[in-house]
Amino acid sequence: MKRILDFYSVPRNFFILILLLQAAFWTCGPYYAFKLLPLDALEAIVWGQDFTLGNVKHPPLTGWLAGLFAWLGDDVLLYLLSQLLVVCAFLFTYRLAREFFSRTLSIVATLSLVFVVYYNFTTPEYNVNKPQIALWPAAAYFFVHAARSGSLKHWIGFGIAAGLCILTKY
């Protein structure tokens, strides 16, 4: 029992547990609750089947990701894709917060996003906004870190994240 309580006393472990619960709940819940994927997700799968360079409505990255995850298997993978993007957003938000705050305050700041509807209730519906959830915090983190350190690898990371942001939505 003491070992279980020690697990929760470490903020990092609690943070990882919340991220895993977020991903598991918002992946499995909609998969078992709904018979069909949301229309935006189905539309993204159709765009991504041929891995084209875009369409009239949106740039290609959203369709590419949806097409890849649909090709890999079941509908649950598209729900999982949305949650992986949300977890990436939380991780980059935490890393960005660590540039300014202590570890505990950074965890609290990041976990406060769980109470924002955009990061919980709407996340199962994969659409063109979901890749942006992960890419904008990544771009912000790389930019702040590159501006502070002048490191070439962080400038390259910023360029890649910003370029991928452009590939998600016109």
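Note that the structure is predicted; figures quoted are calculated from it, not measured. (Residues numbered from 1 in each chain as written. Predicted model: local features only at pLDDT ≥ 70, side-chain atom pairs only at ≥ 80, totals over all residues. Heavy atoms only, no water.)

Counting its regular elements, the protein contains eight helices and zero strands. If one aligns the C-alpha atoms of the protein with their principal axes, the spans along those axes are about 50 × 45 × 25 Å. Taking all 170 residues of the protein together, 39% fall into the buried category. Excluding contacts between residues fewer than 6 apart, the proportion of contacts in the protein whose partners are at least 24 apart in sequence is 67%. When the accessible surface of the protein is totalled, it reaches about 9900 Å², and 72% of it is carbon and sulfur. For the protein, the distance from the average position of its 12 positive side-chain charges to the average position of its 8 negative side-chain charges is 16 Å. (Helix = DSSP H or I, 4+ residues; strand = E, 2+ residues; numbered from the N terminus. Buried < 20%, exposed > 50% of the residue type's maximum accessible area, 1.4 Å probe, protein only. Contact = heavy atoms within 4.5 Å. Areas by Shrake-Rupley, 256 points an atom, 1.4 Å probe, with all protein chains shown as cover. Lys, Arg positive; Asp, Glu negative; His and termini not counted. Charge placed at Lys NZ, Arg CZ, Asp CG, Glu CD.)

Let us now look at helix α5 (residues 76-98). Along its 23 residues, α5 runs 33 Å from first to last C-alpha, staying within 8% of the 33 Å computed at 1.5 Å per residue. Within the sequence span of α5, burial applies to Leu78, Tyr79, Leu81, Ser82, Gln83, Leu85, Val86, Val87, Ala89, Phe90, Tyr94 and Ala97. As for α5, its buried residues are in contact with α2 (11-33), α3 (39-48), α4 (61-72), α6 (103-111) and α7 (130-149). (Expected span 1.5 Å × (residues − 1).)

A grouping of Phe143, Leu152, Trp155, Ile156 and Ile160 is seen on the molecular surface, where their side chains present a nonpolar patch of about 510 Å² in accessible area. Checked against the element boundaries, Trp155 lands in helix α8 (residues 152-166). (Patch = residues over 30% accessible without salt bridge, like charges linked within 9 Å, V, L, I, M, F, W, Y side chains within 5 Å. Salt bridge = Lys/Arg side-chain N within 4 Å of Asp/Glu carboxyl O.)

Counting 14 residues, the largest nonpolar core has Leu37, Ala66, Leu78, Leu81 and Tyr126 as its most contacted members. Where this core is concerned, the elements lending two or more residues are α3, α4 and α5. Once residues within four sequence positions are removed from consideration, Leu81 is found in contact with Leu65, Ala66, Phe69 and Tyr126. Of all hydrophobic cores here, the second largest spans 13 residues; its members include Phe15, Phe90, Leu113 and Tyr119. (Core = buried A, V, L, I, M, F, W, Y, C linked by side-chain atoms within 4.5 Å.)

Considering the arrangement of structural elements, one finds Phe143 in helix α7. Assessed through its relative accessible area of 38%, Phe143 is described here as partly exposed. Each C-alpha atom, one on Phe143 and one on Ile156, is 9.5 Å from the other, the two residues being 13 residues apart in sequence. Excluding anything up to four places from it in sequence, Phe143 contacts Trp155 and Phe158.

What follows deals with the packing of α5 against α6. Contact geometry for α5 and α6: axes closest at 9 Å, N-to-C directions at 140°. Taken together, α5 and α6 sit at an angle that is classed as oblique. Like other packed secondary-structure pairs, α5 and α6 cross with a definite hand, here right-handed. Contacts between α5 and α6 involve Phe90, Thr93, Tyr94, Ala97 and Arg98 on the former and, on the latter, Arg103, Ser106, Ile107 and Thr110. Split into classes, the residues belonging to the contact of α5 with α6 amount to four nonpolar, three polar and two charged. (Axes fitted to C-alpha atoms, helices over the stretch in contact; angles between N-to-C directions. Parallel < 35°, antiparallel > 145°, perpendicular 65-115°, else oblique. Left-handed = near helix turned anticlockwise from the far one by under 90°. Nonpolar A, V, L, I, M, F, W, Y, C, P; charged D, E, K, R; others polar.)

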